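One letter stands for each residue in the lines below.
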Amino acid sequence: MKTKKEYDKNNVFYKIINNELPSKKVYESQSVLAFHDINPISKIHVLVIPKKQYIDYSDFINRAKKDEIVEFFIEVNKIAKEHLNLDDYKLVTNCGPKSGQLVFHFHIHIIG
Ligand code: AMP
């Protein structure tokens, strides 16, 4: 049986949002934060997160308002194009521990 997951504030991205941990910020708005991955797998590897508390992609899609979801992905596009100057890039999100998700605050990897 599937048990309902709960957001655990004891994760690094929660601490980054609250300035309890440092990060190399690329972009910040009221609702979104983008920063360089601490262990990049390519020349440009940036993580984009909503500031609100969502565990993973599925949790985000299930609980966020439609406007919030659209706004988030528009921001991802803007960060890639305008802040990272990328024409070509890969977007990745790991959803759940078996997919390789290590940090349980929803995030998108921009890999350029
Ligand atoms: P995932 O496996 O999709 O949960 O990815 C988590 C990502 O977070 C990994 O690529 C890590 O290198 C990255 N990461 C972990 N801690 C930090 C941190 N303090 N600052 C920036 N990136 C981090």
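Because the structure is a prediction, the values reported are computed rather than measured. (Residues numbered from 1 in each chain as written. Predicted model: local features only at pLDDT ≥ 70, side-chain atom pairs only at ≥ 80, totals over all residues. Heavy atoms only, no water.)

*Asks:* Could you give me a rundown of the sheet that holds strand 2 (residues 32–36), with the residues and numbers involved?
*Replies:* Spatially, five strands are ordered 1-2-3-5-4 in an open sheet, and the strand pairing comes out antiparallel. Lying at the two open borders of the sheet, with one neighbouring strand each, are strand 1 (25–28) and strand 4 (90–92). Going from strand to strand, the sheet's axes swing by 20° on average, the running direction of each strand aside. Bridge analysis of strand 1 against strand 2 gives three bridges, and the strand direction is antiparallel. Note on strand 2: the bridge partner recorded for Lys 25 is Phe 35. (Pairing = 2+ DSSP bridges. Helix = DSSP H or I, 4+ residues; strand = E, 2+ residues; numbered from the N terminus. Axes fitted to C-alpha atoms, helices over the stretch in contact; angles between N-to-C directions.)

*Asks:* Before we move on, could you go through the site of the ligand and cite the residues and values that matter?
*Replies:* For the ligand, the set of nearby residues contains 16 residues, the closest of which are Asp 37, Asn 94, Leu 102, His 107 and His 109. Here His 107 contributes a side-chain N or O atom positioned 2.8 Å from an oxygen atom of the ligand. Taking His 109, its side chain carries an N or O atom lying 2.9 Å from an oxygen atom of the ligand. At the level of secondary structure, the elements contributing two or more residues to the shell around the ligand comprise helix 1 (12–17) and strand 2. It is helix 1 that contributes the most residues to the shell around the ligand, three residues altogether. (Near = heavy atom within 4 Å. Polar contact = N/O pair within 3.5 Å; in protein donor to acceptor, adjacent residues only side chain to side chain.)

*Asks:* Which residues make up the packing of aromatic side chains, and what values go with them?
*Replies:* By the definition in use, this model includes nine aromatic pairs. Ring geometry for Phe 60 versus Phe 72: centroids 5.3 Å apart, planes at 65°, classification edge-to-face. Residue Phe 60 is located in helix 2 (residues 57–63), and its partner Phe 72 is located in helix 3 (residues 66–83); the two are separated by twelve residues in the primary sequence. Side by side, Phe 60 and Phe 72 carry an identical accessibility label, which is buried. (Phe/Tyr/Trp six-rings, centres within 6.5 Å; stacked < 30°, edge-to-face > 60°. Buried < 20%, exposed > 50% of the residue type's maximum accessible area, 1.4 Å probe, protein only.)

*Asks:* Kindly report on the nonpolar core, identifying the contributing residues and their values.
*Replies:* Among the nonpolar cores identified, the biggest contains 19 residues, and Val 48, Phe 72, Ile 79 and Ile 110 are the most heavily contacted of them. For this core, the secondary-structure elements that each account for two or more residues are strand 1, strand 2, strand 3 (45–50), helix 3 and strand 5 (108–111). At five residues, helix 3 tops the list of elements feeding residues into this core. Excluding residues that lie within four positions of it along the chain, Ile 79 makes contacts with Val 26, Tyr 27, Val 32, Ala 34, Val 48, Leu 84 and Ile 110. (Core = buried A, V, L, I, M, F, W, Y, C linked by side-chain atoms within 4.5 Å. Contact = heavy atoms within 4.5 Å.)

*Asks:* An account of the pairing of strand 2 is needed here, citing residue identities and associated values.
*Replies:* It is a general feature of regular strands that their side chains alternate between the two faces of the sheet. Judged by how many residues are buried, strand 2 sits mostly within the fold: four of five residues are covered. A loop of three residues connects strand 1 with strand 2, the two strands running antiparallel in sequence. The pairing of strand 2 with strand 3 spans five bridges and is antiparallel. From the neighbouring strand, His 36 faces strand 3, where its bridge partner is Val 46.

*Asks:* I'd love a proper account of the side chain of Ser 29, names of residues and values included.
*Replies:* Within the secondary structure layout, Ser 29 lies in the loop between strand 1 and strand 2. There is a polar contact of 3.3 Å between the side chain of Ser 29 and the side chain of Glu 75.

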